[in-house]
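A structural walkthrough
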Amino acid sequence: MSTAAMPQTLSTKTEPVAPWFHTIILALVFLGLAAAGAIFQRRASAHPLSAGSSHIVLYLSLIAAEYGLFRYVNAGLARRGVTMKSLIGGSWNSLRDVLRDAGLALGIWAIWSGVEPLWGHVFKISHAVSIQPFLPRKPLEIALWIAVSMSAGISEEIAFRGYFQRQFGALTGSKWAAVCLQAVLFGVGHGYQGVQAMAKIALFGALFGALAIWRGSLRPGIMAHVFGDILSGIFGI
């Protein structure tokens, strides 16, 4: 028998992967970010920001924050004896495995690339005014943006499509309810991009959550998330 069969780690286990108090604290952090983001957007609309030389500090701060998120999730898993490897799911035992997940990542990115402009056209959603000045322009900024994208793609997929999705699945007994709940929280946690953008980001979270269940692994979602963030920040794709 081939060992390439898709693992079912993410879709069949319903036990919590971390203590509930640990999950509540993290959820409250993201709700706090949503509130802060709403204030940030309101002020930015009234007084447009100029990033100046703050790109570097901002990007390094984001990398540190994503690393902190990764460490916090890992600490919660350790309390339940769950490994990060089991949360991520899947395995790469050959080049074929890597290429398969890369193909899935390319496919989900292509789907999202088609959905995003359609969503923006229907709902007339544009980029939040407050983040435009902070997109990378210079070579060092671009290099740091790639690092930001990698850290965000890894830590956010692990936190939302892994940790929160498993926790919500254990709470509700439904993997699809878990997909919806983590997607809503994912959208809310990006409140700094504006209220309009949160709904679109929640849709992104639902799509990637469904991919995690179907594949039984976070690997394709991580790859697509990283790739998409790099392109959107540098090329506006």
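Points about the nonpolar core
Grouped together as the largest cluster of nonpolar side chains are 35 residues, with contacts concentrated most on Val 73, Leu 77, Ile 158, Tyr 163 and Phe 164. For this core, the secondary structure elements donating two or more residues are α2 (20-46), α3 (54-79), α4 (84-88), α5 (95-123), α6 (139-172), α7 (175-188), α8 (195-215) and α9 (219-234). In this structure, Tyr 163 is in contact with Val 17, Ala 18, Pro 19, His 22, Thr 23, Leu 26, Val 73, Leu 77, Leu 87 and Ile 158, ignoring residues within four places of it in sequence. The next biggest cluster of nonpolar side chains, apart from the first, holds five residues, and it includes Tyr 59, Leu 135, Leu 144 and Trp 145.

Overview of a nonpolar patch on the surface
A surface patch of nonpolar side chains, amounting to about 490 Å² of accessible area, comprises Trp 20, Ile 24, Leu 28, Leu 31 and Leu 171. The greatest single-element share of the nonpolar patch, amounting to four residues, is contributed by α2. Its location among the elements puts Trp 20 in helix α2.

Here's the deal with the side chain of Ser 155
When you line up the elements, Ser 155 lands in helix α6. Polar side-chain contacts of Ser 155 include one of 2.4 Å to the side chain of Glu 66. Within polar-contact distance, the side chain of Ser 155 engages the backbone oxygen of Ser 151 at 2.7 Å. The contact partners of Ser 155, leaving out residues within four places of it in the chain, are Glu 66, Leu 69 and Phe 70.

Here's the deal with the packing of aromatic side chains
Under the counting rule described, the total for this entry stands at eleven aromatic pairs. Both rings, one in Trp 112 and one in Phe 204, keep their centres 5.3 Å apart while their planes meet at 85 degrees; by these two values the pair is edge-to-face. Of this pair, Trp 112 sits in helix α5 while Phe 204 is found in helix α8, placing the two residues 92 residues apart along the sequence. The same class applies to Trp 112 as to Phe 204, namely buried. Pairing Phe 164 with Phe 168 gives two aromatic rings, centres 5.8 Å apart and planes at 15 degrees, and the pair type is stacked. Linking Phe 164 with Phe 168, this pair stays in helix α6, spanning four residues, or about one helical turn. Phe 168 matches Phe 164 in its accessibility class, with the two residues each being buried. Connected via pairs of aromatic rings, a cluster forms that spans Phe 30, Trp 112, Phe 160, Tyr 163, Phe 164, Phe 168, Phe 186, Phe 204 and Phe 208. When the ring centre of Phe 186 is taken as reference, the NZ or CZ atom of Arg 161 above it lies at 4.2 Å.

Looking at the environment of Val 115
Topologically, Val 115 is positioned in helix α5. With relative accessibility at 28%, the residue Val 115 sits in the partly exposed group. For the pair Val 115 and Lys 200, spaced 85 residues apart in sequence, the C-alpha separation works out to 9.5 Å.

Description of the pattern of salt bridges
Tallied over the entire structure, the rule returns three salt bridges. The residue Asp 101 makes a salt bridge to Arg 215 at a minimum N-O spacing of 2.8 Å. Taken together, the residues span a long stretch of sequence, with Asp 101 in helix α5 and Arg 215 in helix α8 at a distance of 114 residues. With respect to burial, Asp 101 and Arg 215 carry one shared label: buried. The shortest N-O distance in the salt bridge between Glu 157 and Arg 161 comes to 2.6 Å. Remark: Arg 161 and Glu 157 occur in helix α6; sequence separation between them is four residues, near one turn of the helix. Neither Glu 157 nor Arg 161 differs from the other in exposure class; each is buried.

The rules behind the values
- Residues numbered from 1 in each chain as written.
- Predicted model: local features only at pLDDT ≥ 70, side-chain atom pairs only at ≥ 80, totals over all residues.
- Heavy atoms only, no water.
- Core = buried A, V, L, I, M, F, W, Y, C linked by side-chain atoms within 4.5 Å.
- Buried < 20%, exposed > 50% of the residue type's maximum accessible area, 1.4 Å probe, protein only.
- Helix = DSSP H or I, 4+ residues; strand = E, 2+ residues; numbered from the N terminus.
- Contact = heavy atoms within 4.5 Å.
- Patch = residues over 30% accessible without salt bridge, like charges linked within 9 Å, V, L, I, M, F, W, Y side chains within 5 Å.
- Areas by Shrake-Rupley, 256 points an atom, 1.4 Å probe, with all protein chains shown as cover.
- Salt bridge = Lys/Arg side-chain N within 4 Å of Asp/Glu carboxyl O.
- Polar contact = N/O pair within 3.5 Å; in protein donor to acceptor, adjacent residues only side chain to side chain.
- Phe/Tyr/Trp six-rings, centres within 6.5 Å; stacked < 30°, edge-to-face > 60°.
- Lys NZ or Arg CZ within 6 Å of the ring centre and 35° of its normal.

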